[in-house]
Each structure stands twice: as C-alpha cells, then as structure tokens.
Amino acid sequence: MGTPSKGLADVVAASTVLSDIDGARGLLSYRGYDIHDLAGRISFEECVHLLHHGSLPDRAALAAMRDRLAEGRTLGGLVTGALDDVARTQTPMEALRTLVSLSSADDPDAGGNEPAADLRKAARLTGRQPVLVACYHAARRGATVPDPDPALGVAGTFLLQLTGRHPPHRDVEIFDECLVLHADHTMNASTFAARVCAATLSDMHSAIVAAIGTLKGPLHGGANEQVMRMLETIGSADEAPSAVRSRLDAGQKIPGFGHRVYKTEDPRATHLRDRTRELADRTGDDRWWTVSRRVEETVFAEKGLFPNVDFYAASVYRGLGIPTDLFTAVFSMSRMAGWTAHVIEQHADNRLIRPDSEYVGEHDRTWVPLEER
C-alpha cells in the first residue's frame, strides 16, 4: 500500500463530463465551455440545462426548463408545516438540511433513481432551493414571501421574495451571473459527499442532504460569511493593511484567499471583483470595494495569495441586500444545479465509492478479563 494522500489530495475519485479545472492556468469550464465565455452571457436557467442535459438550450428547451424549475417552487405540506419551527430553532444551513429532507416526502419521484426520475427531481430541487431560503428568512421575521412574478427567472424571483420588492434589472443580471459562477466546481467536498451517498444507490434527496451538511462547514461553504464578518471589523481601507498583518502575525488565516486547486487567480473571483466595483459605483457606497481591494493587495504582498470565489462573493451579496448569515445558503442555491447533475451522473454509471485506509494503531494486543484490568 502506498502512502495515503491526506485529504485525498490529487486522488482522482471519479470521471465526469460536467466541469473541469486547470489550476495552473486558472481555468474553469462547464461541459467544455470556459466560464469566462458563460459568465454574464447566460442565465442560470441556461446553465442548469447545460449541466443537466449537456447542451445550451434553444428557446423551446429554455422555456421547458423554466417551467420545470418553477414547478419546484411549490412547497409540500410537511415543509410548510415545519417552516415556522425550523426558522425559530435552526440556523440557515441547518434549516435547509431539514427542509430538503422533508421535501422528499412530497416528491412523486422520491424513490426512483432512473434517469428520467432523477432529471425531474433535479429540476424540482434546483427550483425549490431559492424558495426555501426566502421562506426561511421570511418566517424568522414573521413575514410572508411575495408571490413569484412570472416575468422573473430564478435570480429575479429570489431577490423579490427575499427583499419583498421588485429588484432593479441590473441587480437581477448581477445575481444571475453569481448563480452561474457558483453552479459547479468539479470534485469539491460537498459534491464528493453527494456522489459518495449516491454511489450506495441512495436517493437524490439523501445525497443532497449529505452535500448540504458538508457545505455547512466553515472550511467549505462557510468561507464567504467569514469574509464578510472580517470586512465588517475593518473600519476603512486605510485600516486594512494593519488589520491583515495583525491577523497574520497571530497565525490566523485570511478568509477568501488561496485555493486547494488554483495556483493563480480563481477565474470566478475575476468576475466578482468587477461586480463588486460596479455595485459600489452604482450605489455610491464604496466601503466594501475599497476595503476589499486593500485587503487583497496586502494579502498578496504578504503571502502571495490570490482571492478565491468567496472573497468577492461576500461584498457582491452584501451589495445586493443579502443578509450575511444567508451567504452559504445562497451558495447552495447555485450549487444545487451541480450537485444534482453529479448525482445523475453517478447513478448513470455507478460503482460504490469505497476508499481504503492506512491503519496506524497498535498491533498484537491481548484481551484481559474485566476483573484483571
């Protein structure tokens, strides 16, 4: 047996056609399309079709995808009945873990793993996740969400239901771009968790619950929230360099920097940096932009690290009016497209995922009767 790879670094765990990363060159692609070619040009609905079906849709296929995603917005009785209690007692990611699990009881395809059933469930789950986040946020405030506007897609409907008002058109476009940028990212921790669960031939809802539980961890999806909380402690751009150096001197990591795969800038961060600056220019509030830029410059000067997707996602989400403690939940809305696509792929060509381990404990121990211990 060879030396184990800690954290499974550089271990190829599956073959996939869904997404690819070239870490040395800082490239990400979905189904062969460079993310730079897609971001800001396709809607999230088009992205979902690409991941689930393998191609960018024509107008008819796009309309059908929008209908399937809209079907998922209808919440079942178990979910609506539990919503108030869940919102009162659970954090956002705990709530989503619970509500997604409950939603399986109302899904007519819940127990089926065949391709057609998986595709239907994938669309419902992807369409439902934004509604769950918005309804959770409303329930914890004692409010109700507005009805969807048929003219709005996933991005616009979420902003409407989250804030209670029709969002500016450009905000919808920016959030749509965010959803596309976060939709899939090869064998990240939560996707791997979903595929491990699916490989047992468990159902899609169970696999997604495993993914949500994994995304909840601060070393994975929770990083964008940590970025915002760090930025909030820095009063101004002038204070950023000393704040960064103080953290580094104390042996603390700066959230939102460095990446397990990318050795240069995360291509998603490139787009989100631009959107952060655009929001600052549009709103006239440039605090998050100026502080973020000084943090980025200082971290690179001190550690040579590039920002990852989480760093500028934080300030974009804040600029769109999304509460900080919902950042990871919003991440899950995007990633639901990728998670479900990976479950479909795993079920279609399945083998149980069962890695080996290296035993490093004691050997040749001898049992001793209880009275002699």
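To be clear, the structure that these remarks concern was listed above.
These figures come from a predicted structure and were not determined experimentally.

A. Representation of the side chain of His 185. Within the secondary structure, His 185 sits in the loop between helix H8 (169–181) and helix H9 (189–199). Non-local contacts of His 185, meaning those with residues more than four positions away in its chain, are made with Ser 19, Ile 21, Leu 28, His 259, Tyr 262, Arg 268 and Arg 335.

B. Quick look at the pattern of salt bridges. By the definition in use, this model includes 26 salt bridges. Residue Asp 171 is joined to Arg 282 by a salt bridge in which the shortest nitrogen-to-oxygen separation is 2.9 Å. Residue Asp 171 is located in helix H8, and its partner Arg 282 is located in helix H13 (residues 267–283); the two are separated by 111 residues in the primary sequence. Overall, the relative accessible area of 39% leaves Arg 282 in the partly exposed class. Salt-bridge contacts for Glu 296 lead to Arg 293; the nearest nitrogen and oxygen are separated by 2.8 Å. A residue pair is termed a helical-turn pair when its members lie 3 or 4 positions apart in one helix, as Glu 296 and Arg 293 do in helix H14 (residues 287–303) at three residues.

C. Here's a closer look at the packing of aromatic side chains. Enumeration over the complete set of coordinates arrives at six aromatic pairs. Between Phe 300 and Phe 306 the ring centres are 5.3 Å apart and the planes differ by 55 degrees, which places this aromatic pair in the tilted class. Note on Phe 300: relative accessible area 44%, which makes it partly exposed. Note on Tyr 317 and Phe 327: the rings are 5.3 Å apart at their centroids and 70 degrees apart in plane angle, and the pair reads as edge-to-face. With Tyr 317 in helix H15 (residues 309–319) and Phe 327 in helix H16 (residues 327–348), the pair connects residues that are ten residues apart, well separated along the chain. A single burial state applies to Tyr 317 and to Phe 327, both of which are buried. Joined through ring pairs, the aromatic side chains of Phe 257, Trp 289, Phe 311 and Tyr 312 make up one cluster.

D. Layout of helix H7 (residues 154–163). The element H7 is largely enclosed, with a buried count of nine among its ten residues. For H7, every residue scored as buried is listed here: Val 154, Ala 155, Gly 156, Thr 157, Phe 158, Leu 159, Leu 160, Gln 161 and Leu 162. Elements in contact with the buried residues of H7: helix H2 (44–53), helix H3 (59–71), helix H6 (115–140), H8 and H16. Just beyond H7, the residue with positive phi is Gly 164, at close to 85 degrees.

E. Structural view of the pairing of strand E1 (residues 19–22). Residues Ser 19 and Ile 21 point to one face of E1 and are all buried, whereas Asp 20 and Asp 22, pointing to the other face, are not buried. Here E1 runs beside strand E2 (residues 27–30); their pairing, made up of four bridges, is antiparallel. Looking at E2, one finds that Ile 21 is bridged to Leu 28.

F. Quick look at the sheet that holds E2. Ordered by their spatial adjacency, three strands build an open sheet running E1-E2-E3, and the pairing between neighbours is antiparallel. At either end of the open sheet lies a strand with only one pairing partner, and these are E1 and strand E3 (33–34).

G. Just the pairing of E2, in detail. The hairpin turn running from E1 into E2, its antiparallel successor, is four residues long, and Gly 26 in that turn takes a positive phi close to 70 degrees. One ladder, built from two bridges, connects E2 with E3; its direction is antiparallel. Counterpart to Tyr 30 in the pairing with E3 is Tyr 33. Counting the residues between successive antiparallel strands, the hairpin from E2 to E3 contains two residues, one of them, Arg 31, with a positive phi of roughly 50 degrees.

H. Fine view of H14. Counted at 1.5 Å a residue, the expected span for H14 with its 17 residues is 24 Å, and the 24 Å between its end C-alpha atoms agrees. The set of residues buried in H14 consists of Trp 288, Trp 289, Val 291, Ser 292, Val 295, Glu 296, Thr 298 and Val 299.

I. Just the nonpolar core, in detail. Grouped together as the largest cluster of nonpolar side chains are 96 residues, with contacts concentrated most on Tyr 30, Phe 158, Phe 175, Ile 208, Leu 231, Val 295 and Ile 322. Tallying contributions element by element places H16 first for this core, with eleven residues.

J. Structural context of the environment of Phe 327. The exposure class assigned to Phe 327 is buried, which follows from its relative accessible area of 0%. A sequence separation of 14 residues divides Phe 327 from Ala 313, and the C-alpha atoms of the two residues are 8.7 Å apart. If we ignore the near neighbours within four places in the chain, the residues touching Phe 327 are Asn 224, Glu 225, Met 228, Ala 314, Tyr 317, Arg 318 and Ile 322.

K. Representation of the packing of helix H5 (residues 92–103) against H6 within the structure. Between H5 and H6, whose axes approach to 10 Å, the crossing angle comes to 130 degrees. By the criterion of interaxial angle, the relationship of H5 to H6 is oblique. Considering how the two elements wind past one another, H5 and H6 form a crossing that is right-handed. Together, Pro 92, Ala 95, Leu 96, Leu 99, Val 100 and Ser 103 of H5 and Leu 125, Arg 128, Gln 129, Leu 132, Val 133, Tyr 136 and Arg 140 of H6 make up the contact between the two elements. The class makeup of the residues in the contact of H5 with H6 is nine nonpolar, two polar and two charged.

Calculation criteria
- Residues numbered from 1 in each chain as written.
- Predicted model: local features only at pLDDT ≥ 70, side-chain atom pairs only at ≥ 80, totals over all residues.
- Heavy atoms only, no water.
- Helix = DSSP H or I, 4+ residues; strand = E, 2+ residues; numbered from the N terminus.
- Contact = heavy atoms within 4.5 Å.
- Salt bridge = Lys/Arg side-chain N within 4 Å of Asp/Glu carboxyl O.
- Buried < 20%, exposed > 50% of the residue type's maximum accessible area, 1.4 Å probe, protein only.
- Phe/Tyr/Trp six-rings, centres within 6.5 Å; stacked < 30°, edge-to-face > 60°.
- Pairing = 2+ DSSP bridges.
- Expected span 1.5 Å × (residues − 1).
- Core = buried A, V, L, I, M, F, W, Y, C linked by side-chain atoms within 4.5 Å.
- Axes fitted to C-alpha atoms, helices over the stretch in contact; angles between N-to-C directions.
- Parallel < 35°, antiparallel > 145°, perpendicular 65-115°, else oblique.
- Left-handed = near helix turned anticlockwise from the far one by under 90°.
- Nonpolar A, V, L, I, M, F, W, Y, C, P; charged D, E, K, R; others polar.

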